[in-house]
Amino acid sequence: MQLLDGKKVSDDIKNEITAEVQKMKEKGEKVPHLAAVIVGNDGASLTYVGSKVKACERVGFESTLVKMPSTTSETELLKKIQQLNEDDTIDGFIVQLPLPDQIDTQKVLMAIDPRKDVDGFHPENFGKMALDMSTFIPATPFGILELLERYGVETKGKHTVVIGRSHIVGRPMSILMGRKGFPGNSTVTLTHSYTKNIAQITTQADIIITALGVPNYLKAEMVKDDAVVIDVGITRVNDDSEKGYRITGDVDFEFVSKKASFITPVPGGVGPMTIAMLLKNTLLAREQKLLKN
Ligand code: GUN
């Protein structure tokens, strides 16, 4: 079994981005600037957004964190998005999900200027992705592709089973793994809450990508020998540590890792890759803007 070390690969990518930023500075160009909007006080979301902002500092980007109260109305959030769309100093921004119930998420995502949509969630960008056009690829699926590529994991002709059909991970992942190219050229099965006999499907999989948010869901008996296992789950499970919780993946790592050929750990697998690829998309947004000016 080989670990797909997202911590290490994401550090490599951040170092590559830092070098690019250095070159921009030497040429007297403005460095990339990412803004992140968070609505409400959800502890996990605040932690993720905090990590994104910290990562910007590490690579030399500028960053702006916009914190809005949980009572924010849809109109107020749309107004903030309009400001960010019009602010020339900002190259890309994200609105951290999930949003409070009073706000229509799809309406918000559609209000983001597609050229600044570094999450790749706007329908225009999602459509381009599905049509193999150059665009922002959502950071978590992009991070998984990058891990597979950098470890040289063969995907061509393999059966990839994706568990979970979220707009952020499962759905785009299923599209990307079936695309022409590498990584891609897989035969993809997208499973979800209505899928029957899921173990019968997962035991046929060469590559399993779980994005479910159910701790230790994928057991060893659901996985065939030498499968590649990618765990996107990051659920906080209460324990008696100082923090009061630990991060747990969807995969029963202790036993599944004994059968897998490649496997991502949690933490230190897909999580850090998501942040690195968000930085990469922000760099891309900056470069595209420079090309147009
Ligand atoms: N919530 C969980 N993952 C993500 C992500 O990649 N982007 C945003 N904006 N919100 C998220």
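Per an unreviewed UniProt entry, the chain goes by the name Bifunctional protein FolD and belongs to Flavobacterium microcysteis. In its Function (unreviewed entry) section, UniProt records this for the chain: "Catalyzes the oxidation of 5,10-methylenetetrahydrofolate to 5,10-methenyltetrahydrofolate and then the hydrolysis of 5,10-methenyltetrahydrofolate to 10-formyltetrahydrofolate." Listed in UniProt under the heading Subunit (unreviewed entry), the comment for the chain reads: "Homodimer."

Caption draft 1: Quick peek at the site of the ligand. Taken together, Lys52, Val95, Gln96, Leu97, Asp119 and Phe121 make up the full set of residues near the ligand. Val95 is positioned with one of its backbone polar atoms (N or O) 2.8 Å from a nitrogen atom of the ligand. For the ligand, whose free accessible area comes to 280 Å², the fraction covered by protein is 84%. Looking at the shell around the ligand, its residues break down into three nonpolar, one polar and two charged.

Caption draft 2: Region of interest: unusual backbone geometry. Residue Pro98 is bonded to the preceding Leu97 through a cis peptide linkage, with omega at 0 degrees. Position of Pro98 relative to the elements: it lies in the loop between strand E4 (92–95) and helix H4 (105–111). Here the amide bond leading from Phe182 into Pro183 is cis, since omega sits at -10 degrees, within 30 degrees of zero. Tracing the sequence through the fold places Pro183 in the loop between helix H7 (170–178) and strand E6 (187–191). In this model, Asn185 sits at a positive phi of 55 degrees, which is unusual for a non-glycine residue. Position of Asn185 relative to the elements: it lies in the loop between H7 and E6.

Caption draft 3: Up close: the sheet that holds strand E3 (residues 62–68). With parallel pairing, three strands are arranged side by side in an open sheet as E3-E2-E4. Taken across any chain shown, the strands that pair with only one partner, and hence form the sheet edges, are E3 and E4. Here the average twist between neighbouring strands, direction ignored, is 15 degrees. Bridging between strand E2 (residues 33–39) and E3 involves seven bridges; their strand directions are parallel. Residue pairing across strands places Ala35 opposite Thr64, the latter belonging to E3. Across the sheet, helix H2 (residues 43–59) touches E2, E3 and E4, and the angle it forms with E3 is around 160 degrees.

Caption draft 4: View of the side chain of Glu74. With respect to the element layout, Glu74 can be found in helix H3 (residues 74–86). Looking at Glu74, the relative accessible area reads 16%, which means it is buried. Polar side-chain contacts of Glu74 include one of 2.9 Å to the backbone nitrogen of Asp104. Aside from chain neighbours lying at most four places away, what touches Glu74 is Gln102, Ile103, Asp104 and Lys107.

Criteria and cut-off values
Residues numbered from 1 in each chain as written. Predicted model: local features only at pLDDT ≥ 70, side-chain atom pairs only at ≥ 80, totals over all residues. Heavy atoms only, no water. UniProt positions renumbered as here; feature names shortened; annotations may be inferred. Near = heavy atom within 4 Å. Polar contact = N/O pair within 3.5 Å; in protein donor to acceptor, adjacent residues only side chain to side chain. Areas by Shrake-Rupley, 256 points an atom, 1.4 Å probe, with all protein chains shown as cover. Nonpolar A, V, L, I, M, F, W, Y, C, P; charged D, E, K, R; others polar. Helix = DSSP H or I, 4+ residues; strand = E, 2+ residues; numbered from the N terminus. Pairing = 2+ DSSP bridges. Axes fitted to C-alpha atoms, helices over the stretch in contact; angles between N-to-C directions. Contact = heavy atoms within 4.5 Å. Buried < 20%, exposed > 50% of the residue type's maximum accessible area, 1.4 Å probe, protein only.

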